[in-house]
2 protein chains.
Amino acid sequence: MPPNRPIPDAAPPPAGRATIADVARAAGVHASTVSRALNPATRGMVTEAVALRVAEAADRLGWRPSALAAGLRTRKSRTIGILVPDLVNPIFPPIVRAAESLLAAQGYATLVANTDNDPAREEMLISRMAEHVVDGLMMASAAEGTHAIELCARFGIPTVLINRRLPGATTSAVTNDDRHGIGLAVSHLVALGHRRIAHLAGPRGVSTAIDRREGFLEALRAAGLDPGPVVDAAGYTRAAGRVAMETLLAGPSFTAASFTALVAANDMLCLGVYDVLRSRGLRAGVDLSVTGFNDMPFVDLIDPPLTTIRIQHAAMGREAAEALLAEIAEPAAPRRDTRLVPELVIRASTRAPRQEH
Amino acid sequence: MPPNRPIPDAAPPPAGRATIADVARAAGVHASTVSRALNPATRGMVTEAVALRVAEAADRLGWRPSALAAGLRTRKSRTIGILVPDLVNPIFPPIVRAAESLLAAQGYATLVANTDNDPAREEMLISRMAEHVVDGLMMASAAEGTHAIELCARFGIPTVLINRRLPGATTSAVTNDDRHGIGLAVSHLVALGHRRIAHLAGPRGVSTAIDRREGFLEALRAAGLDPGPVVDAAGYTRAAGRVAMETLLAGPSFTAASFTALVAANDMLCLGVYDVLRSRGLRAGVDLSVTGFNDMPFVDLIDPPLTTIRIQHAAMGREAAEALLAEIAEPAAPRRDTRLVPELVIRASTRAPRQEH
DNA sequence: TTGTAAGCGTTATCAT
DNA sequence: ATGATAACGCTTACAA
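For the structure given in this document, a descriptive report is provided here. All figures in this text were calculated on a predicted structure; none of them were measured in a lab. Note that residues are indexed from 1 along each chain, following the sequence as it is written. Both sets of labels track the order of writing: A upward for chains, 1 upward for ligands. For a predicted model such as this one, the threshold for reporting local features is a pLDDT of at least 70, and the threshold for listing and counting side-chain atom pairs is 80 or more; totals across whole chains, interfaces and linings nevertheless cover every residue. The basis for every side-chain value is the complete set of non-hydrogen atoms in the structure, without hydrogens or water.

Listed by partner, the interface residues are 52 residues for chain B and 52 residues for chain A. Across the chain B/chain A interface, buried area totals approximately 4,600 Å², and carbon plus sulfur atoms make up 62% of it. For salt bridges, the criterion is a side-chain nitrogen of Lys or Arg within 4 Å of an Asp or Glu carboxyl oxygen. Here chain B is connected to chain A by eight salt bridges. Polar contacts, as counted here, are pairs of nitrogen or oxygen atoms within 3.5 Å of one another; within protein the pair requires one atom able to donate a hydrogen and one able to accept it, and residues that are adjacent in sequence qualify only if both atoms are side-chain atoms. Linking chain B with chain A are 20 residue pairs in polar contact (both at pLDDT 80 or more). Segments assigned H or I by DSSP are reported as helices when at least four residues long, segments assigned E as strands when at least two residues long, and all are numbered from the N terminus. Listed by contribution, the elements that provide at least two residues to the side of chain B that touches chain A are helix H4 (67-74), helix H5 (92-105), strand E2 (109-114), helix H6 (119-131), helix H7 (148-155) and helix H11 (267-279) of chain B. Throughout, the ten residues Ala, Val, Leu, Ile, Met, Phe, Trp, Tyr, Cys and Pro are labelled nonpolar, Asp, Glu, Lys and Arg are labelled charged, and all others, Gly among them, are labelled polar. A per-class count over the side of chain B that touches chain A returns 27 nonpolar, 10 polar and 15 charged. Contact definition: two residues touch when any of their heavy atoms are within 4.5 Å. Two parts lose some accessible area (1.4 Å probe) when they are put together, and adding that loss for both gives the buried area.

Attention shifts here to helix H11 (residues 267-279) of chain A. Residues and elements named next belong to chain A. Expected span of a helix: the number of residues minus one, times 1.5 Å. A rise of 1.5 Å per residue sets the reference length of H11, with its 13 residues, at 18 Å; its end C-alpha atoms lie 19 Å apart and thus fit the reference within 8%. Here the term buried applies to any residue with accessible area under 20% of the maximum for its type, exposed to any over 50%, and partly exposed to those in between, with areas from a 1.4 Å probe on protein chains only. Counting buried positions along H11 yields 11 of 13 residues, so the element is predominantly enclosed. The set of residues buried in H11 consists of Asp-267, Met-268, Leu-269, Cys-270, Leu-271, Gly-272, Val-273, Tyr-274, Asp-275, Val-276 and Leu-277. In this structure Asn-266 caps H11, since a side-chain oxygen of it lies 2.9 Å from the backbone nitrogen of Met-268. At the exit of H11 stands Gly-281, carrying a positive phi of roughly 75°.

Turning our attention to the sheet that holds strand E8 (residues 261-264) of chain B. Strand pairing in a sheet relies on backbone hydrogen bonds. The paired strands run either parallel or antiparallel. Residue and element names in this part refer to chain B. For two strands to be treated as a pair, DSSP must find at least two bridges joining them. Taken together, four strands build an open sheet; the order of strands is E7-E6-E8-E9 and the sheet is parallel. A single partner strand is all that each edge strand has here, and the edge strands are strand E7 (230-232) and strand E9 (289-291). Averaged over all pairs of adjacent strands, the angle between strand axes in this sheet comes to 15°, irrespective of strand direction. By the bridge criterion, four bridges tie strand E6 (residues 197-201) to E8 in an arrangement that is parallel. In this analysis an axis means a line fitted to C-alpha atoms, helices contributing only their contacting stretch, and an angle means the value between N-to-C directions, from 0 to 180 degrees.

Moving on to the sheet that holds strand E7 (residues 230-232) of chain A. Residues and elements named next belong to chain A. An order of E7-E6-E8-E9 is seen for the four strands of this open sheet, with the pairing classed as parallel. The outermost strands of the open sheet, each flanked by one partner alone, are E7 and strand E9 (289-291). Taken over all neighbouring pairs, the strand axes of this sheet differ in orientation by 15° on average, direction set aside. This element, H11, spans strand E6 (197-201), strand E8 (261-264) and E9 of the sheet and lies at about 160° to E9.

Nonpolar core, defined: a set of buried Ala, Val, Leu, Ile, Met, Phe, Trp, Tyr and Cys residues in which side-chain atoms within 4.5 Å join the residues together. Grouped together as the largest cluster of nonpolar side chains are 150 residues, with contacts concentrated most on A:Met138, A:Met245, A:Val290, B:Met138, B:Met245 and B:Val290. A:Ala173, B:Ala113, B:Leu125 and B:Ala173 belong to the second largest nonpolar core, which has 42 residues in total.

Have a look at this one:
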């Protein structure tokens, strides 16, 4: 026997992290038996006694199966990607959180990334998700002209859209019934007696903006009213809301002549609207009725509390996660297009119009 | 030659996803050469011409290297875990976002999970992170009595604490100078003329609560004042703020007799404070001066706008990510304990005390 | 400069 | 019911 040959099977002190082989040795069985004993799906193939012995050895050694090795073999990473435009926008955390909770309960880890509404960045992130072999992807960042869907298809990543839809997409989506929602706002204002209602629309190319704009026009038509001025915001931000509001007021002297109420495409824009009103010594509710959309956290606390359309944040995250898992489990299953129904929340930013001056 | 032997090297139509072998075949080189050509670190080992040919073949085939396979080999996943108590708490999104952006730029993907302030859940999530072989972990959820640190150490996961420290921990941490910050609030109130100042403290066992409470007492002592009543909130939530505020007012009839100003341990608690004041027909600023901590998004918009201590949310995420990467690159390097310095933001919730009645 | 071969830690297939 | 073995897709000594 050659003198320097390593002694076979002389249990080496598990230097780094324990592996399945260490556990096998400790339990006096083969690695494949360990795998079977600890995988719930194959537990039945193994004797009760062995299963116990293995489990005991495993947690005595503090063994954690490597998701990398398992994933390499099974082609499943037990990881789901979530893409949001910007996690700081308060509507996303509740969605992401709800999705993460549900996914964690199913044993999935969640990869989160911000696209900054930048298509190039979005593509880069999708590629990275592909490299990490995510089992599925949730996208809240869809905007017209993106190649995201094709990219996901090419990588074979099951995908579900959240919050925003994509026109011709064949992807599952969980969104709000935006047309209906904005209609709620219009009806409320009409019921209060408003007749000239303006719209502060969202950025071009985003489904929520398009649907809410159309819903606005439609609701007015249904009420037999002519639409007031409509201005597009450059993005769903407070700053863009300010700019658009300035445009809407067109010049320094605002009179109630042109419109008495404003339906904004979302809450964030309303923050900008409030800024402009305040800077002119005007007050939402009193001088101009204002409605938002989303009922994002804390708009009940701003001054005046915002009348808005409440969407089901958590349900959106949950349903999207469920749809995704269903699609992963059954790739051939038909796609779902879920519309969550929003509701009107009346606060202090809407009132009957003042008497004409 | 046996008739049924598969033809060797007859390029099989790449059924699923392209692998490094497909690229190698397409470029007429060996897989190891592909690896070298595409890895920036080893690019130099390979001829310019070959590198080009490989790169071309790679993106013609749309090849994405599997992070699973690479990670299994290198024992690095290029993945960082982030643990937060609750992503819906508005102080965390900016931190997570800043960290994610920096990490993404360095080629890391980010695994995010919510602990719900539940130690058992926290341990479970750390284990899961270990299974996914994260290269490092950022924890914003540290609370007294957690085994998180030991767990990370056992798994050999480099860890940095964010926002909250842990008493005896040997881990790097990026936190606020909480004592100094709360001192700013106290000084401001004293300068306004307040002499009886109460404290609404954070939940037991959390470093931010402890430091702010001590900082509060210390600042009062420095000002030669006796501390007003101090009450602990059960958690950093609006509801807990409400409960604690009721306790502080002790009964239905509030008179300014007991204190004229309230220093709360964070902004979220102030929302509860506002609720209680409102329910009693009192007004922050007018009837009671109130200060918060964090300057979380939108507290500038609530009514009245909250005077608070602004922390550097984004810097916290960035610095923590940097510290973590540094530690990954140089595990032997000494730990850092970074304190970010907060600043006072004066708004309308603080004023000189009213005349005594 | 490039190819060869071994190995990372699992799971799936096959044999016993 | 369990063990042996190969394979997942990549990186990295080592050899040429």
